[in-house]
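Notes for the structure review
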Amino acid sequence: QVQLVESGGGLVQAGGSLRLSCTASGRTFSSAVMGWFRQAPGKEREFVAKISWSGSRTYYYYSDSVKGRFTLSEDSAKNTVYLQMNSLKPEDTAVYYCAAAKRFGATTALEYDYWGQGTQVTVSS
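Note that the coordinates shown come from a computational prediction; the quantities given were computed from them, not determined experimentally.

Within the protein chain, the secondary structure is distributed over 0 helices and 11 strands. When the helices and strands of the protein chain are listed from N to C terminus, the series reads β-β-β-β-β-β-β-β-β-β-β. A compact globule built from 125 residues should have a C-alpha radius of gyration of about 14 Å, and the protein chain, at 14 Å, falls within 12% of that. Projecting the C-alpha coordinates of the protein chain onto the three principal axes gives extents of approximately 40 × 25 × 25 Å. Out of the 125 residues in the protein chain, the part that is buried amounts to 41%.

On to the nonpolar core. The biggest cluster of nonpolar side chains holds 27 residues, and the ones touching the most others in it are L4, M34, W36, L83, M85 and Y96. Counting residues per element, the ones that place at least two in this core are β1 (2-7), β3 (18-26), β4 (33-39), β5 (46-54), β7 (70-75), β8 (80-85), β9 (94-101) and β11 (119-124). Excluding its chain neighbours within four sequence positions, the residues that come into contact with Y96 are E6, L20, W36, F37, R38, V48, F70, L83, M85, G118, T119 and V121.

Throughout the structure, instances matching the rule amount to 6 aromatic pairs. Both rings, one in F37 and one in W115, keep their centres 5.1 Å apart while their planes meet at 55 degrees; by these two values the pair is tilted. With F37 in strand β4 and W115 in strand β10 (residues 114-115), this residue pair connects regions lying 78 residues apart in the sequence. The class for W115 is partly exposed, based on a relative accessible area of 28%. Ring geometry for Y112 and W115: centres 6.1 Å apart, planes at 55 degrees, overall tilted. Exposure remark for Y112: the relative accessible area of 5% places this residue in the buried category. Aromatic rings pair up to connect F37, F47, Y97, Y112 and W115 into one cluster. Positioned above the aromatic ring of W115, the side-chain terminus of R45 is 4.8 Å from the ring centre.

The tally for this structure, following the rule as stated, stands at 1 disulfide. Disulfide pairing is shown between C22 and C98; the S-S distance is 1.9 Å. Disulfide C22 to C98: torsion about the S-S bond roughly -70 degrees, handedness left-handed. Taken together, the residues C22 in strand β3 and C98 in strand β9 connect sequence positions 76 residues apart. C98 carries the same exposure label as C22, and that label is buried.

Moving on to the sheet that holds β7. In space, the 4 strands of this open sheet follow the order β1-β3-β8-β7, with antiparallel pairing throughout. Two strands bound the open sheet, and with one partner strand each, they are β1 and β7. Geometrically, the sheet is characterised by an average inter-axis angle of 20 degrees between neighbouring strands, direction not taken into account.

Calculation notes
- Residues numbered from 1 in each chain as written.
- Predicted model: local features only at pLDDT ≥ 70, side-chain atom pairs only at ≥ 80, totals over all residues.
- Heavy atoms only, no water.
- Helix = DSSP H or I, 4+ residues; strand = E, 2+ residues; numbered from the N terminus.
- Rg over C-alpha atoms; globule rule 2.2 N^0.38 Å.
- Buried < 20%, exposed > 50% of the residue type's maximum accessible area, 1.4 Å probe, protein only.
- Core = buried A, V, L, I, M, F, W, Y, C linked by side-chain atoms within 4.5 Å.
- Contact = heavy atoms within 4.5 Å.
- Phe/Tyr/Trp six-rings, centres within 6.5 Å; stacked < 30°, edge-to-face > 60°.
- Lys NZ or Arg CZ within 6 Å of the ring centre and 35° of its normal.
- Disulfide = S-S within 2.5 Å.
- Pairing = 2+ DSSP bridges.
- Axes fitted to C-alpha atoms, helices over the stretch in contact; angles between N-to-C directions.

This is how it looks when you write it as structure tokens:
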């Protein structure tokens, strides 16, 4: 089992920044992918970004809606992945979820095995 805890959400004005953290505990070595998803009221959960590990290589993927504004990073010593969100827009408002997958090629939410409880991000105009 892997436990995920998100933090860092909050209220920010448009154009501002937030940094989300996702700290993993438990059998963290079983995870090949750590992803971020978000869900706005009345909408489906959507992919935001993910970091994948294969051997000594690390891969980063971003959705088109956040590319150039959001950046992933990690602190392996702390088992923590960060999502730096800059130039935030009102349409970024959502609950943000961290998720972990055992399979390297995981893409859709259904392919992720573990989920955090979510953290609210609200961007005011």
